[in-house]
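# Chain and residue survey
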Number of protein chains: 2
Amino acid sequence: MVTDWESRAKAKREAILNSIPEKWRVQKIPSADEQKDVTGAYIQQFLSEKEVAITETDAVGIAEKVAAGEWSAVDVTEAFCHRASLAHQLVNCLHETFFDAALASAKELDEYYAQNKKTVGPLHGVPVSLKDQFHVKGVETTMGYVGWIGTFEGKPDDPRKGTYESEMVRELRALGAVLYCKTSVPHTLMSGETINNIIGYTWNPKNRYLCSGGSSGGEGALIGLKGSPGGFGTDIGGSIRIPAAFNGLFGIRPTSGRLPYEGMANSMDGQNSILSVVGPLATTARGVRLLAKSILSAKPWLHDPLVVDMPWRDAQEQAIFDIIKSSSDKGQLSFAVMKSDGVVNPQPPVARAINMVVEALGKAGHKVIEWKPPSHKRLLEIAFKTWIYDGGKDVHDAFALSGETMSPQIKMSYGDKPIEQFTAAQVAANNVDKRRFQKEYLDYWNSTAQETGTGQPVDGVISALAPYPAARPELYRYYGYSVWVNGLDYTSVVVPVTTSDKSVDKYADGYTPINDQDKEVVDAYDAELYDGAHVSVQVVGRRFTEEKMLAIAEYIGQLVGK
Amino acid sequence: MVTDWESRAKAKREAILNSIPEKWRVQKIPSADEQKDVTGAYIQQFLSEKEVAITETDAVGIAEKVAAGEWSAVDVTEAFCHRASLAHQLVNCLHETFFDAALASAKELDEYYAQNKKTVGPLHGVPVSLKDQFHVKGVETTMGYVGWIGTFEGKPDDPRKGTYESEMVRELRALGAVLYCKTSVPHTLMSGETINNIIGYTWNPKNRYLCSGGSSGGEGALIGLKGSPGGFGTDIGGSIRIPAAFNGLFGIRPTSGRLPYEGMANSMDGQNSILSVVGPLATTARGVRLLAKSILSAKPWLHDPLVVDMPWRDAQEQAIFDIIKSSSDKGQLSFAVMKSDGVVNPQPPVARAINMVVEALGKAGHKVIEWKPPSHKRLLEIAFKTWIYDGGKDVHDAFALSGETMSPQIKMSYGDKPIEQFTAAQVAANNVDKRRFQKEYLDYWNSTAQETGTGQPVDGVISALAPYPAARPELYRYYGYSVWVNGLDYTSVVVPVTTSDKSVDKYADGYTPINDQDKEVVDAYDAELYDGAHVSVQVVGRRFTEEKMLAIAEYIGQLVGK
């Protein structure tokens, strides 16, 4: 028997597929066994030469070409709509398409350009994809919940339905960006895998035995397939960085209060011990920078009450460029490396990627010390409490709207039914614990000035972003490597480093798991299956160091050849 | 029968008094009937000519004189220790004195200066007073609680007892400030009057029938009597601005995250919907600026995990100075005035002060429009909930430590015993309500660009800070005029405007109170009793506009002759 929620989910799933023009349909979608990697040559076969040229140009390149009049916004938009359509058919990465509206706005941009001989803003003609938490007029936001179909955040009669736009959407339009699709998320947003009852599972395009990451998993997969040059995700426990890492992208988790979250849908809204933050993912570091810097040029603090009045600070970025330039033979930046957080060790490909970065930095003359911070275990206990302050009430209420089933990935955290809530005093106590831990960590960071030889504390910390290059379905179990950054509200940028290589990425003979959690991670590894998957690291900076960390991430990317 | 807590409170009260050297004791403290106003000539009679000259110089002047070698840090310190001692005897404004330690550090500063021909920092030799939430080594922090005597924040065996220092204390010392006393607060900090079982009631030195304000009431009274050129208070509902206003001072409530609260004692610590913030009060606007700017020069974001990486921005201040200079005949700044919040009308002296400011701004060529914001009543409901999230648990626990009685001022808010706590989901819902209100308010603020004639939204809002010039004991009942600023996390600076004048400050004949709350305020007014009291207003700016609002406050102070 097909239940009501199943039929509603199916109808929505089909509507998404049917929104793709017939001419862009792929006749037969190969299985993962038939075609593990659908990036590169595989997807290119469905595209014209010009479409390939456009879609394999990064956001900065596109902005330049359109600004120079070489490409029209319409041509660019059409190419990305096509490639995004292919991407969705191959890996299930879209929740909404609005290609007609996109082409209409591209046409307006072209007309403006033709008349005024200038662009409307720094993103003129750049397609930008959005995680399905952004509200866009004329388009639904389901966030993967069947119960949200045909409603505004679950409320059927809310007057904002179909008309409301999130603050950043308004800003992106004003900056000249072309919005054309919204990307898949795990229902609740609380998973490193992307699964829901509407679109099913979002696969990793580079290795379709693996997940695309989560919760911005649709963004990761789409941009990984170059169906978008860049887009925006959100991150409360790794949700920008995990998909960036798993798909070989750059992605930034800014400090909370830097970019505008105003007017977006969310889970457990109002939990304010650890805030979800919004930030860009893109194929290049400079693409990430363009998106972040452009948003800040719109002065979001005048429109989002939680954003700090802090424009993009060129000087902070330039300071890093200057050091890098001057340090050709003597190192002047310094880093710490955290090879393990003491709870779980990264799988072999990730461990190798970290070593590659450390080696590259060393060769370039920069000092790298070992990171021996206050116990991450303590921090994780504090952070994970914030996910269940309400005992799962918000999450279970959302499932109850339709009666749909909860995926195993979410059940792992939220169980079969709500549990007792925290009291206000318990929340407050956790806030105090968190602040004390943050202070200890800050003091530790400062103390590294004694070790670096530069007279300054480390400029960044090199760390795994997840123990996995990318996780296998239902095997994303350990979030410690991403969550510590959220707990400390640090700025972190993911840097793609290499790909998994079955010939070298093996656990050492006789490797003994350090505990049960580590054993789960060890057991989840399969060198053969993982072969070819992207492998990335994160570079973590202090709070509000977006300009600095992006400059460093770009530099590290260059050092490792990305 | 004297209870244990009464005898402990008495012993502490006597210890504070006994810490004042015999030579500085006042033989007979006059009653309020005998001597209503103990500022100016009255207190000067106990001081030498040089002591008067020193203590009636503002913080900037003192820093300059010491930096120029005209005054020694020791002479300055001794003068303020003397005057602070007199102040305490006259109005009960101190919780701790540490004059010997202060003189020892002043001596060190003088030696450094003699040897190096320069100062250690911008506050070299400037005495700075601290509200009794700051931890200073060798000194207790009671926060007015009898149960905290001889403990560290109520914990008798905490190893930090007697040794720990708050982050800002460390910074102030490094900047050259001389710390010499800690000032009185209402137990719990949650009152606009300053009363506790240790020091009793802190009176307003300008009018000893009235309160000195709260919760930084000791700071207000001490600086009002020029027993300190400037000091630091905290503000979660008006606690910096109320004492500043009631004592004719400038005081700033910065946006949260601007100045470092790290390591201070607090009530209901961990409630993070509306954060208490720390900020300076001083006799002049430039004194406030010196203290704020100096702290930021110590880069507090490297030492407090909640502080934003935002140095003092000279450009933002200069922009205001430039406009003011250029606007001698045509106004270029614009303001809104809120004459009433619709709940309670300000008493006549406050209403007159607001009119004086509006008139002065108009005469100087600046546009002033009427402020018609979203309902403050709604905002106040949201804000007051945050005070009782824990149902009064923290407050009642603190009183239970000693069994001491709660003052009526506090009982008004917290009752006889704790009530039910908010659940985590209820706290989250209130956070969402708050954010939505903030967004509406922001949009309203932006909308004033249509009215100002400058093409820009208003630069600031002129508002009462309290309905009273200063409140009579047990009659501080309405907090709406201060709390709205905390609810919105705006920057606000108090500007002293005038003094109450019984000959003009009267309710209009036939004035009808708009509701019961307004009637309470009307009934609390007594033109005769209030005569001579300071009257102030606040100038409110958007978030993170400390430089701008201080520049504007200074300018308004000049316009009204302060």
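Since this is a predicted model, take the numbers as computed values, not measurements. (Residues numbered from 1 in each chain as written. Chains lettered and ligands numbered in written order. Predicted model: local features only at pLDDT ≥ 70, side-chain atom pairs only at ≥ 80, totals over all residues. Heavy atoms only, no water.)

## Let's talk about helix α14 (residues 393-400) of chain A
Residues and elements named next belong to chain A.
- Along α14, the positions that sit buried rather than exposed are Val 395, His 396, Ala 398 and Phe 399. In an axial view of α14, the angular spread of the buried residues amounts to 155 degrees, which keeps them on one side of the axis.
- Buried residues belonging to α14 abut α15 (408-414). (Buried < 20%, exposed > 50% of the residue type's maximum accessible area, 1.4 Å probe, protein only. Helix = DSSP H or I, 4+ residues; strand = E, 2+ residues; numbered from the N terminus. Arc of directions from axis to C-beta. Contact = heavy atoms within 4.5 Å.)

## Quick word on the environment of Ser 166 of chain A
Residues and elements named next belong to chain A.
- Among the secondary structure elements, Ser 166 is positioned in the loop between β2 (127-131) and α7 (167-175).
- C-alpha of Ser 166 to C-alpha of Lys 65: the two residues are 101 residues apart in sequence and 28 Å apart in space.
- Residues within four places of Ser 166 in sequence aside, it is in contact with Gln 133, Phe 134, His 135, Glu 262, Gly 263 and Met 264.
- At 2.8 Å, the side chain of Ser 166 and the backbone nitrogen of His 135 are in polar contact. (Polar contact = N/O pair within 3.5 Å; in protein donor to acceptor, adjacent residues only side chain to side chain.)

## A few points about the pairing of strand β7 (residues 250-253) of chain A
Residues and elements named next belong to chain A.
- Residues Phe 250 and Ile 252 point to one face of β7 and Gly 251 and Arg 253 to the other, with burial holding for every one of them.
- Alignment of β7 against strand β8 (residues 277-282), held across two bridges, turns out to be antiparallel. Note that in β8 the partner of Phe 250 across the bridge is Ala 282.
- Where β7 lies against strand β12 (residues 491-499), three bridges are found, and the strand directions are antiparallel. Of the residues in β12, the one forming a bridge with Ile 252 is Val 493. (Pairing = 2+ DSSP bridges.)

## Overview of the relation of the copies chain A and chain B
- The operation relating chain A to chain B is a screw motion whose rotation component is 180 degrees, with 0.0 Å of axial translation and a residual RMSD of 0.0 Å. The symmetry that links the two subunits is that of a two-fold axis. Minimal C-alpha separation from the rotation axis in chain A is found for Thr 423 of chain A, amounting to 2.3 Å.
- A shared binding surface is used by both copies, with 100% of the interface residues of chain A retained as interface residues in chain B. (Least-squares fit on C-alpha atoms with pLDDT ≥ 70 in both.)

## Topic: the UniProt feature "active site" (unreviewed entry) in chain A
Residues and elements named next belong to chain A.
- Within the UniProt annotation, "active site" (unreviewed entry) is assigned to Lys 131, Ser 215 and Ser 239. Separation in sequence by 109 residues is not matched in space for these annotated residues, since their most distant C-alpha atoms are only 10.6 Å apart.
- Structurally, the position occupied by Lys 131 is in strand β2.
- Aside from chain neighbours lying at most four places away, what touches Lys 131 is Lys 182, Thr 183, Val 185, Leu 189, Ser 215, Ser 216, Glu 219, Phe 232, Gly 233, Thr 234 and Ser 239.
- With respect to the helices, strands and loops of the structure, Ser 215 is situated in the loop between β5 (200-201) and α8 (217-224). (UniProt positions renumbered as here; feature names shortened; annotations may be inferred.)

## Thoughts on the pairing of strand β6 (residues 230-235) of chain B
All names here are of chain B.
- Across the six residues of β6, six count as buried, placing the element largely inside the fold.
- Alternating residues of β6 divide into Gly 230, Phe 232 and Thr 234 and Gly 231, Gly 233 and Asp 235, and every residue in both groups is buried.
- The pairing of strand β2 (residues 127-131) with β6 spans two bridges and is classified as parallel. Across the sheet, residue Ser 129 finds its bridge partner in β6, namely Gly 231.

## What to know about the sheet that holds β7 of chain A
All names here are of chain A.
- Judged by pairing direction, the sheet is mixed, and its 11 strands sit side by side in the order β1-β3-β2-β6-β8-β7-β12-β13-β11-β9-β10 without closing on themselves. Each having just a single partner strand, β1 (94-97) and β10 (367-370) make up the two edges of the open sheet. Adjacent strand axes in the sheet meet at a mean angle of 25 degrees when their direction is disregarded.
- In this structure, strand β9 (residues 334-338) lies alongside β10, joined through four bridges in parallel fashion. Bridging from a neighbouring strand, Phe 335 pairs with Val 368 of β10.
- Here helix α6 (residues 99-116) sits on the sheet in contact with β1 and β3 (178-183), set at roughly 160 degrees to β3. (Axes fitted to C-alpha atoms, helices over the stretch in contact; angles between N-to-C directions.)

## Side note on the packing of helix α13 (residues 376-387) of chain B against helix α16 (residues 424-447) of chain B
Residues and elements named next belong to chain B.
- Across the interface, α13 lies against α16 with an axial gap of 10 Å and an inter-helix angle of 145 degrees. The way α13 lies across α16 gives a crossing that is left-handed. Contacts between α13 and α16 involve His 376, Arg 378, Leu 379, Ile 382, Lys 385 and Thr 386 on the former and, on the latter, Asn 430, Asp 433, Lys 434, Phe 437, Glu 440 and Tyr 441.
- Its residues assigned to classes, the contact of α13 with α16 shows four nonpolar, three polar and five charged. (Left-handed = near helix turned anticlockwise from the far one by under 90°. Nonpolar A, V, L, I, M, F, W, Y, C, P; charged D, E, K, R; others polar.)

## Notes on the UniProt feature "binding site: substrate" (unreviewed entry) in chain A
All names here are of chain A.
- Taking the UniProt record as the reference, the feature "binding site: substrate" (unreviewed entry) is found at Leu 189, Ser 215, Ile 236, Gly 237, Gly 238 and Ser 239. A stretch of 51 residues holds the annotated residues, and the largest C-alpha distance among them is 10.6 Å, short enough that they meet in one place.
- On the basis of relative accessible area, Leu 189 is assigned to the buried category, the value being 5%.
- The residue Ser 239 is located in the loop between β6 (230-235) and α9 (241-246) in this model.
- The buried category is assigned to Ser 239, whose relative accessible area is 6%.
- Those residues in contact with Ser 239, other than ones at most four positions away along the chain, are Lys 131, Leu 189, Gly 214, Ser 215, Ser 216 and Thr 234.

## Digging into the side chain of Ser 85 of chain A
Residue and element names in this part refer to chain A.
- Positionally, Ser 85 belongs in helix α5 (residues 73-91).
- Residue Ser 85 is classed as buried on the basis of its relative accessible area, which comes to 0%.
- Sequence-distant contacts of Ser 85, defined by excluding residues within four places in its chain, comprise Ile 20, Trp 24 and Phe 99.

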